[in-house]
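Chain residues, written in single-letter form:
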Amino acid sequence: MNYEQLLTQTALADDRYVVMTAENRALVRNMPTTLGRRFIDTGITEQCMIGAAAGLALRGRIPVVHALAAFLSMRAYEFIRTDVGIGNLPVKLSSFIPGFLSDGNGPTHQAIEDVALMRGIPNMQVFCPADEQDLLAMLPTIWASSTPSYVRINTRPAAYQHEQPFEIGKAEVVSRGTDVTILVYGMLFEQALVAAHQLRDAGQSVGLINMRSLKPVDEQAILEAAATAQVLVTVEDHFLTGGLYSIVAETLLKHRTTARVVPFALKERWYKPARLNEVLQYEGFTGSQLADRIAEQLTESLTSL
Amino acid sequence: MQHKTIERLQQTAFRVRKHIIRMSTDGGCFTGASLSATDVIVYLYAEFLNVTQETLNDPNRDYLFLSKGHDVPALYGTFVELGWLAADRLQHHLSAGDHLYWHPNVNIPGIEFHSGSLGHLPSVALGVALDCKLRGTDNKVVCILGDGELNEGSVWEAVLVANAYQLDNLLFLVDRNFFQANMPTEELIPLEPLTDKFTAFGAAVKRVDGHDFTALDEALSTFPFQTGKLNVLIADTRRGKGLPSIEARADRWFCNFTHDEVDELLGELHGSAKATLESETLVVR
């Protein structure tokens with residue numbers, strides 16, 4: 001089962017679903033044939049697509065809409081906020097090539113502020129699957145809910161067998177640790193997994209959490225990690241502002257607690273466009289680089305004691 | 001159209017204009033933009049749209065979307081005349097205890113969708129029209145746009161897409177009052193030849209005097225204008241229509257009059273001499 005098969009099956013079983021795209025057909029190539037008139041391609045018009053999705057939702061439809069992450073989250077932002085957000089309509093946003101996944105496109109196509117933007121909209125839920133398996137496990141619940149949602153689509157093959165069933169507002173606690181806990185979402189989960197292994201091999205006690213649901217967020221998982229580990233690390237292919245680091249900070253502050261939190265994110269700049277493996281290497285986000293950077297922090301943490 | 005029908009429409013529009021003038025104080029409203037759209041809104045609800053208080057939630061009703069949301073006093077005034085809204089609620093305009101403010105919201109029965117940010121509802125209306133086509137129902141879907149609103153690129157996206165999907169159940173009605181916020185349209189971002197622009201985008205276009213009920217009726221009696229095409233009706237109107245003291249003035253878009261001025265303007269509407277207005281003209285955009 002892949003994304004398109006799941007969507008086709010869902011839409012064929014329930015005619016409330018319509019599938020829309022602003023001429024971004026990569027994920028839904030065969031759907032004009034399988035879905036007929038319930039496949040709606042509005043051409044390169046992200047704003048019109050979102051407005052029309054709101055109109056379709058007013059008539060009882062559940063539009064699942066597709067566009068490149070940068071254009072969906074920014075070109076159409078005010079339409080999402082005003083038509084879908086204020087209307088609190090069940091429009092399901094499938095955001096293609098978010099974060100590092102736009103690899104060689106360059107900064108025009110880099111959606112690395114999308115989490116910040118989307119979670120700023122009342123009623124909007126935000127989900128970031130670790131891989132294809134994680135994605136497919138969460139979509140049925142997300143599509144069936146009555147709220148608007150934004151999903152950072154990630155169809156990369158799973159490097160980990162996810163066993164914890166998906167629940168809105170729940171993170172997947174992969175492991176618990178007392179030295180450091182890595183909080184991560186999306187495609188960087190795979191690298192964080194490698195980093196965790198490497199740190200463990202070096203004798204550290206390492207926790208790893210696949211955040212999955214960024215809004216609503218699993219506050220309990222964050223608080224537990226803060227209480228257990230010496231250091232929390234947030235890892236994200238997103239600007240430092242408004243993403244997971246901010247969410248963790250907000251959560252700790254809200255519960256009047258604190259922790260040493262080290263963010264790995266993009267600080268006030270776009271990333272170097274290249275093939276994905278080279279992006280990760282250049283930006284210091286491969287598993288091995290992350291492990292080294294985290295180990296440095298742990299050393300600092302010890303010396304400061 | 002029968003003479004007595006025209007007379008009835010004129011009387012209704014007259015009363016709606018009174019409601020608008022009364023809302024133009026204690027905080028004010030977009031008086032000029034509301035008065036220009038009054039006749040088309042009154043006409044649509046009285047003669048064109050298949051919707052009643054009983055069918056406001058019926059999926060087979062006709063829809064009206066007010067994309068030019070700042071003329072909502074004309075719509076609320078019309079709802080009062082239709083009996084959908086209690087007249088005394090208009091006195092709650094801008095009160096935190098009610099839902100009437102400068103732009104529409106769905107807490108008022110009859111408002112199909114909130115608006116205020118220009119260039120949104122052509123796409124929303126398009127989605128509704130598309131769903132009606134998918135389901136094979138024969139609802140009519142009307143979206144009222146301002147002419148200044150046509151500056152927004154999203155309007156033209158919607159025209160292109162409506163044309164691609166052959167939405168002949170959809171009508172974009174342009175309140176062509178020749179003003180945008182602070183300027184005559186032709187002095188800022190010229191729109192003419194406007195019929196040609198819509199035609200070139202694939203729509204079936206008609207253009208009429210938007211204060212002439214007979215002309216509106218003749219134009220809309222042939223709806224859809226052409227099978228498989230988006231309908232566009234350009235209604236030529238005057239900003240501030242009905243009040244010569246503010247008519248066709250760039251500086252009388254948003255108005256906040258004193259109570260005495262409101263009384264004078266009501267007199268002016270009834271045919272008395274032009275009101276002397278001392279309230280400052282307001283620039284709100």
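Residues numbered from 1 in each chain as written. Chains lettered and ligands numbered in written order. Predicted model: local features only at pLDDT ≥ 70, side-chain atom pairs only at ≥ 80, totals over all residues. Heavy atoms only, no water.

> Please give an account of the packing of helix 1 (residues 3–22) of chain B against helix 3 (residues 72–82) of chain B that cites residues and values.
Angle between the axes and distance between the axes are the two parameters that describe a pair of packed helices. All names here are of chain B. Helix 3 packs onto helix 1 with a crossing angle of 125° between their chain directions and a minimal axis gap of 8 Å. The pairing of helix 1 with helix 3 is recorded here as oblique in orientation. At the point where helix 1 passes helix 3, the crossing takes the right-handed sense. On helix 3, the residues that touch T12, R15, V16, H19 and I20 of helix 1 are P73, A74, G77, T78, V80 and E81. Along the lines of polarity and charge, the residues of the contact of helix 1 with helix 3 split into 5 nonpolar, 4 polar and 2 charged. (Axes fitted to C-alpha atoms, helices over the stretch in contact; angles between N-to-C directions. Helix = DSSP H or I, 4+ residues; strand = E, 2+ residues; numbered from the N terminus. Parallel < 35°, antiparallel > 145°, perpendicular 65-115°, else oblique. Left-handed = near helix turned anticlockwise from the far one by under 90°. Contact = heavy atoms within 4.5 Å. Nonpolar A, V, L, I, M, F, W, Y, C, P; charged D, E, K, R; others polar.)

> How would you summarise the domain arrangement of chain A if you had to cite specific residues and measurements?
Residues and elements named next belong to chain A. Partitioning chain A into structural domains gives domain 1 (3–152) and domain 2 (172–303). Taking both sides of the interface into account, the surface hidden between domain 1 and domain 2 amounts to around 2,400 Å²; carbon and sulfur atoms contribute 59%. When the buried area of domain 1 at its contact with domain 2 is split by residue, F100, I112 and R119 rank highest and sum to 35% of it. Where domain 1 meets domain 2, there are 3 salt bridges. A salt bridge links R152 to D237, with the shortest nitrogen-to-oxygen separation between them at 2.9 Å. Connecting domain 1 to domain 2 are 23 residue pairs in polar contact (both at pLDDT 80 or more). When residues of the side of domain 1 that touches domain 2 are assigned to their parent elements, the largest contribution, 4 residues, is made by helix 6 (residues 114–119). (Domains from an automatic or database assignment. Buried area = accessible area lost by both parts, 1.4 Å probe. Salt bridge = Lys/Arg side-chain N within 4 Å of Asp/Glu carboxyl O. Polar contact = N/O pair within 3.5 Å; in protein donor to acceptor, adjacent residues only side chain to side chain.)

> Before we move on, can you summarise the interface of chain B and chain A with the specific residues and values?
At the interface, 27 residues of chain B touch 24 residues of chain A. At the boundary of chain B with chain A, the tally comes to 2 salt bridges. Salt-bridge contacts for R59(A) lead to D131(B); the nearest nitrogen and oxygen are separated by 2.8 Å. Where chain B meets chain A, there are 14 residue pairs in polar contact (both at pLDDT 80 or more). Per-element accounting of the side of chain B that touches chain A gives the leading share, 11 residues, to helix 4 (residues 121–135) of chain B. When its residues are assigned to classes, the side of chain B that touches chain A shows 13 nonpolar, 9 polar and 5 charged.

> Kindly report on the sheet that holds strand 1 (residues 63–66) of chain B, identifying the contributing residues and their values.
Strand pairing in a sheet is mediated by backbone hydrogen bonds. Such pairs are either parallel or antiparallel. Residue and element names in this part refer to chain B. Spatial strand order, 1-2-3-7-6: 5 strands in an open sheet with parallel pairing. One side of each edge strand has no neighbouring strand; the edge strands of this open sheet are strand 1 and strand 6 (204–209). Pairs of neighbouring strands in the sheet enclose a mean axial angle of 20°, with direction left out of account. Sheet topology note: the strand 2 (residues 141–146)/strand 3 (residues 170–176) ladder contains 6 bridges and is parallel. Across the sheet, residue V141 finds its bridge partner in strand 3, namely L170. Those strands touched by helix 4 are strand 1, strand 2 and strand 3, and its axis lies near 170° from that of strand 2. Packed on one face of the sheet, helix 8 (residues 213–220) meets strand 3, strand 6 and strand 7 (231–236) and runs near 165° to strand 6. (Pairing = 2+ DSSP bridges.)

> Talk me through the sheet that holds strand 12 (residues 260–266) of chain A; I want residue IDs and the actual numbers.
Residue and element names in this part refer to chain A. Spatially, 7-9-8-11-12 is the arrangement adopted by the 5 strands of the open sheet, whose pairing is mixed. A strand with exactly one partner marks an edge of an open sheet, and here the two such strands are strand 7 (172–175) and strand 12. Ignoring strand direction, the axes of neighbouring strands in this sheet form an average angle of 20°. With 5 bridges joining them, strand 8 (residues 180–184) and strand 11 (residues 231–239) adopt parallel strand pairing. Bridge assignment links V184 to a residue of strand 11, and that residue is V235. Lying on the sheet, helix 9 (residues 219–228) is in contact with strand 8, strand 9 (206–210) and strand 11; it crosses strand 11 at an angle near 135°.

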